[in-house]
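Each chain, written out:
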Amino acid sequence: MSPSTTAPRERARRVSARIAAAALGASIALGGFAAVPATAADDTSGLTGIVLGIGADETQRMVTWYSSTDTDQVVQLAPATAVVDGQFPADAKTFAATGSANIATSGGYNRHATITGLQESTAYTYRVGAAGAWSTAYTFTTQSFEGDYDFLFLGDPQIGSSGDVARDQAGWQDTLDVALAANPQAEILVSGGDQVETANTESQWDAFLAPDQLRQYPFAATIGNHDVGGKAYEQHLATPNTDRSAALYANGQPTSNTSGGDYWYIYKDVLFIDLNSNSYATTQGGGGDAAHVQYVTDVIDQHGADAKYTVLVYHHSIYSAAAHAKDADNKVRRVDFPTTFSELGVDLVLQGHDHVYTRSYLIKNGEKADAAEQPGQDEVFAGPGGVLYVTANSASGSKYYDITKPDTSGTSGAGNGADPLDPDSYWYNSVQNQEHVRSYVKVQVRSDKLVVENIRSGTCDAPNAAVERGNVSWCGPDSGATAAQPVGSVVDAVTVHPYQGEGQEIQVAVPDAAPGEFGWTIDGYNGLVDLGTAVDNAGAYFEATGAINPIAVTDTRRTQSPWSISASVGDFHDGDKTFDGSALGWTPKVVEAGAGARAGAPVASGYDGGTGLSVSRALGAADQGHETGTAKLGADLDLKIPGDVAKGTYRATLTITALSS
C-alpha cells in the first residue's frame, strides 16, 4: 500500500494473463536519495556575535548579530539535508533583517531577523549576511510542537566579574558543554540575567557569546543589573513580543543609553513572561513594579488560557539567601509582586542576582502557603495561589555569594526572619545551597507537573574562576568540610503539582493522526485468470468469458480525497502470433462496498466496434469526502477474438493503475 499524498500520484501493476487471462504479479520501485550533512563555510564576512534567540512560539526563532557594514542583510535558512558541502539550495528561504548603528563603544551595526514557519522535528541550517558575505553556517533542530519537554535555566554568567575574562568564559563554556551533553534534547536555554560584568564591554560580550551552543539552542535573554547600564544588551539579544514602553525602563527613557523592556512568548504549553526587574521604583523615572504588575496581568489575561503553565523570569531574586537577601530594593519587590503572582495563577518564578541556589517553599500572597511543608520536601502540591520561587547559582563560576543569617524582621511580607523549622534558613526557603561550584537548573515540563532540579556542572577544580583566583576561601558542601560532589550530581530536586481548580480537570493527549494510506492489492491468491478455451461462434469470432481476480482498494486517509482504479490490456501473444487487446471488454462491479467505491462503466469488446480495454478504462472510483475503509472491485470479462486468428494459447498483461490525490 502506498501513502497518501497531496498531489495526484499514479501506481501501476502489470498483470499477466492467458487468453482471457488477466492477473497479476508485480512490484513497485520507489526512488530515494542520500543526504550529505552541511559543513560550515569559512567566515570572512565580518559578521560576529550570532545568537539564536527564542521566538514568539515553537515555529519561530530570532537571530541577532553584529555587522561591520551598514548593508541589507538576511537570515538564510534551509533544511539541513538540503545543504550539501556548505552550499545552500536555490530555494532556501530568506528572512529580512532590521537593525541600526551600535553605540560608539560597540562599533559597527546590529541586525536581527525572525525566522518563521518552522516545522517540527526538523534540522535546519542557517547563516546570516548577504550574497558574497555570508557567516559560518549553523544548525539547530526543532522537536515535537506538543507534549513534554525540558528547558535549562542558567544563572549569572557575569563574564569578567572574577577579574579574569578567559577563566570566566571557560567556566561558562564548560557548563554549557556539561548541561547539553547530559540533556541534548533540552529545548530552550533561559537566562537569569547578568550576561557580563560591565554593560558595554564588548570583550566580555565576545566571551559570553563564544559557545556555539548559543547558535544551536534558542536562548531566552533576561536583563540583569550589570547589563542594564548600556545598549549592548539590546544590540546583542533581540526578544519576541517586546514592550519597550517608557514605564518598563528604569529611567523611563527607552532612547537613553540603557536597556529595558518586558517580553513574553509561549513555548509548548508554557507562557513565559520576562521582566526588567531593574525598574522597580517610580523615583527612578520609570513605571516601577506597578508597571510590571500591570504587564504581567495583561499578558496573562490575554494569553494565559493558551498555556497550561505560567513561568515568570527576572533577575533580582526576592526570596534568596545570600548577599542580596536583605537589599532594600528586593524587599520592595517582595511586597509588590507575590500577591499578584498568586492571584494570577503563576506556577514558577525563576531568578538570579544572588549567586546562590535557593528553592522557596510554596508562597501564597507573600506568605508560606502551607505551614506543614517541610524543608527540602521533594514533592509539593501548589493549592490555589501557591507559587514556587527558584534562584540559580552562577553558571560560570565567576562569582559566588555566601549564605547570610536571618534576622528578626519577620516571617512574612518583606521580612527576613528565620524559618521556624530550620532557624539557620530564611522563613521563605525550603532549600539553600552554596558550595562555590557551578550549577544549572533543569526544569522538566510534564502534562501534570513541573520537576525542578539544581545540578552541578563543575567541581572545585578548574574551570572555576572564583576558586582558582582565591576570591572565595573554601569549596565544597558544608562550607568546604565535605568533598565536592561529582559533575552531574543533583543538589536539589522537587516535583511541583500545580493547582487544577475546584473541579476535576480531564486531560487527553491527541497524537498526530496517521496520514493514512491509499493503495490496492489483488485480493487473495493472484492466480492466472484462465478464460479456458474460446467458443467458436459460427466461424465469425471466438468468445470467452470469465472474471478478474478481485482487487482490494484500501483508503484510510483523513483527507477523504478522491481515488480511481483503471486498467488497460496489451496485445495477446503466443510466440510470434498475436491479436489486438481491443478484443477484450468488461463489466466492472463492486464486490464488497467500502471506501466510497462505485463501479466503472461497462466497456464492450472492440470486436463490436471501439477500442475495448486497449486504452485505460475505469474499474472503480470514489469521490471527495468518501468514507474511509476497504472495497473489493471485480469485473466480468468478455473476449471476442476475430475468426481468422490462428490456433494457439495466448496471453496478455492487464496493467492496473491507481490514481489518488
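Small disclaimer: the values here were computed from a predicted structure and weren't measured. (Residues numbered from 1 in each chain as written. Predicted model: local features only at pLDDT ≥ 70, side-chain atom pairs only at ≥ 80, totals over all residues. Heavy atoms only, no water.)

### Here's the deal with the overall build of the protein chain
Regarding its fold elements, the protein chain presents seven helices and 41 strands. For a compact globule of 661 residues, the expected C-alpha radius of gyration is about 26 Å, and the protein chain comes in at 35 Å, more than 25% above that figure. Here the C-alpha coordinates of the protein chain stretch approximately 120 × 60 × 50 Å along the principal axes. Counting only residues that meet the buried cut, the protein chain has 54% of its 661 residues in that class. (Helix = DSSP H or I, 4+ residues; strand = E, 2+ residues; numbered from the N terminus. Rg over C-alpha atoms; globule rule 2.2 N^0.38 Å. Buried < 20%, exposed > 50% of the residue type's maximum accessible area, 1.4 Å probe, protein only.)

### Structural notes on the pattern of salt bridges
For the structure shown, the criterion picks out 23 salt bridges. Ionic pairing is found between Arg-111 and Asp-70, a salt bridge with its closest N-O pair at 2.6 Å. Of this pair, Arg-111 sits in strand 8 (residues 109–115) while Asp-70 sits in the loop between strand 4 (61–67) and strand 5 (74–79), and the two are 41 residues apart along the sequence. Residue Asp-70 is classed as exposed on the basis of its relative accessible area, which comes to 52%. The partner of Asp-164 in a salt bridge is Arg-167, with the nearest N and O atoms 3.1 Å apart. (Salt bridge = Lys/Arg side-chain N within 4 Å of Asp/Glu carboxyl O.)

### Comments concerning the layout of surface pockets
Taken as a whole, the second largest pocket encloses approximately 400 Å³ of empty space. For the lining of the second largest pocket, the elements supplying multiple residues, two or more each, are strand 25 (422–426) and strand 26 (429–433). A per-element tally of the lining of the second largest pocket places strand 26 first, with four residues. Residue composition of the lining of the second largest pocket, grouped by class: four nonpolar, eight polar and seven charged. (1 Å grid on protein atoms, 1.4 Å probe; cavity = no way out; pocket = protein on both sides within 12 Å on 5 of 7 lines; lining within 4 Å. Points joined across faces, edges and corners; volume = space filled by probe spheres on them. Nonpolar A, V, L, I, M, F, W, Y, C, P; charged D, E, K, R; others polar.)

### Points about the side chain of Asp-555
Among the structural elements, Asp-555 can be located in strand 33 (residues 551–555). For Asp-555, the side chain forms a polar contact with the side chain of Arg-557, separated by 2.8 Å. In this structure Asp-555 touches Glu-517, Phe-518, Ser-561, Trp-563, Ala-595, His-626, Thr-628 and Gly-629, once residues within four positions along its chain are discounted. (Polar contact = N/O pair within 3.5 Å; in protein donor to acceptor, adjacent residues only side chain to side chain. Contact = heavy atoms within 4.5 Å.)

### Thoughts on the nonpolar core
Core analysis: the largest hydrophobic core is formed by 37 residues, its most contacted members being Trp-563 and Ile-565. Within the residue set of this core, elements represented by two or more residues are strand 30 (517–522), strand 33, strand 34 (563–569), strand 37 (584–592), strand 39 (617–622), strand 40 (629–642) and strand 41 (651–660). When residues of this core are assigned to their parent elements, the largest contribution, six residues, is made by strand 40. Within the second largest apolar cluster, 32 residues are counted, among which are Leu-362, Val-441, Val-445 and Val-496. (Core = buried A, V, L, I, M, F, W, Y, C linked by side-chain atoms within 4.5 Å.)

### Description of the pairing of strand 17 (residues 309–316)
Strand 17 sits mainly inside the fold: eight of its eight residues count as buried. Here four bridges tie strand 17 to strand 18 (residues 348–352), and the two strands are oriented parallel to one another. When the bridges of strand 18 are listed, Leu-312 appears paired with Val-349. (Pairing = 2+ DSSP bridges.)

### With respect to the packing of aromatic side chains
With the rule as written, the count across this model stands at 23 aromatic pairs. Both rings, one in Tyr-126 and one in Tyr-138, keep their centres 6.2 Å apart while their planes meet at 45 degrees; by these two values the pair is tilted. Placement of the pair is Tyr-126 in strand 9 (residues 123–130) and Tyr-138 in strand 11 (residues 138–141), with a sequence separation of twelve residues. A single burial state applies to Tyr-126 and to Tyr-138, both of which are buried. Seen from their ring centres, Tyr-149 and Phe-151 are 6.4 Å apart, and the 40 degrees between their planes marks the pair as tilted. With respect to class, Tyr-149 is no different from Phe-151; both count as buried. Three or more aromatic residues joined by ring pairs form one cluster here, namely Tyr-149, Phe-151, Tyr-263, Tyr-265, Tyr-267 and Phe-272. Over the ring of Tyr-280 we find Arg-333, and its NZ or CZ is 4.7 Å from the ring centre. Just above the ring of Tyr-361 sits the side chain of Lys-368; from NZ or CZ to the centre is 3.7 Å. (Phe/Tyr/Trp six-rings, centres within 6.5 Å; stacked < 30°, edge-to-face > 60°. Lys NZ or Arg CZ within 6 Å of the ring centre and 35° of its normal.)

### Some points on the packing of helix 1 (residues 165–182) against helix 2 (residues 202–209)
Two elements in contact, helix 1 and helix 2, have axes whose closest approach is 9 Å; the angle formed by their N-to-C orientations is 25 degrees. On the basis of their axis angle, the class for helix 1 and helix 2 is roughly parallel. Handedness of the helix 1/helix 2 crossing: right-handed. Contacts from Val-165, Gln-169 and Trp-172 in helix 1 reach Ser-203, Gln-204, Ala-207 and Phe-208 in helix 2. Considered class by class, the residues forming the contact of helix 1 with helix 2 number four nonpolar, three polar and no charged. (Axes fitted to C-alpha atoms, helices over the stretch in contact; angles between N-to-C directions. Parallel < 35°, antiparallel > 145°, perpendicular 65-115°, else oblique. Left-handed = near helix turned anticlockwise from the far one by under 90°.)

### Let's talk about the confidence of the model for the protein chain
On average, the protein chain scores 91 in pLDDT, and the residues at 70 or more come to 92%. Here residues 1–42 scores under 50 on pLDDT; set against residues more than four positions off or in separate chains, the count is 131 contacts. (pLDDT = per-residue confidence, 0-100.)

### A short note on helix 4 (residues 288–303)
With 16 residues, helix 4 should reach 22 Å at 1.5 Å per residue; the first-to-last C-alpha distance of 23 Å fits that figure. Looking at helix 4, one finds that the buried residues are Gly-288, Asp-289, Ala-291, His-292, Val-293, Tyr-295, Val-296, Thr-297, Val-299, Ile-300 and His-303. Among the structural elements, strand 15 (263–267), strand 16 (270–274), strand 17, helix 5 (328–336) and helix 6 (338–343) are those in contact with the buried residues of helix 4. (Expected span 1.5 Å × (residues − 1).)

### So, helix 1
Counted at 1.5 Å a residue, the expected span for helix 1 with its 18 residues is 26 Å, and the 26 Å between its end C-alpha atoms agrees. Residues Asp-168, Gly-171, Trp-172, Thr-175, Leu-176, Val-178, Ala-179 and Leu-180 constitute the buried set of helix 1. Where helix 1 is buried, its residues meet strand 12 (149–154), strand 13 (188–191), helix 2, strand 27 (439–446) and helix 7 (465–468). For helix 1, the N-terminal cap is Asp-164; the gap from its side-chain oxygen to the backbone nitrogen of Ala-166 is 3.1 Å.

### Here we look at the environment of Gly-285
Checked against the element boundaries, Gly-285 lands in the loop between strand 16 and helix 4. Assessed through its relative accessible area of 45%, Gly-285 is described here as partly exposed. Separated by 33 residues in sequence, Gly-285 and Gly-252 place their C-alpha atoms 4.8 Å apart. Gly-285 has contacts with Ala-250, Asn-251 and Gly-252, leaving out every residue within four places of it along the chain.

### Description of empty space enclosed by the protein
Gaps left between atoms are located by rolling a probe of water-molecule size over the structure's atoms. Inspection of every chain in the model, using the stated rule, returns four cavities of 30 Å³ or more. Put simply, the largest cavity is a space of about 60 Å³. The wall of the largest cavity is formed by 13 residues, among which Ile-223, Tyr-233, Gly-260, Gly-261 and Tyr-263 lie closest to the centre. Across the lining of the largest cavity, the residue classes tally to five nonpolar, five polar and three charged.

### Structural notes on the sheet that holds strand 26
The strand order across the open sheet formed by seven strands is 15-16-17-18-23-19-26, and the pairing between neighbours is mixed. Of all the strands in the sheet, just strand 15 and strand 26 have a single pairing partner and so form its edges. For this sheet the average axis-to-axis angle between neighbouring strands, irrespective of direction, equals 15 degrees. Here helix 4 sits on the sheet and contacts strand 15, strand 16 and strand 17; the angle it forms with strand 16, its principal contact strand, is near 160 degrees.

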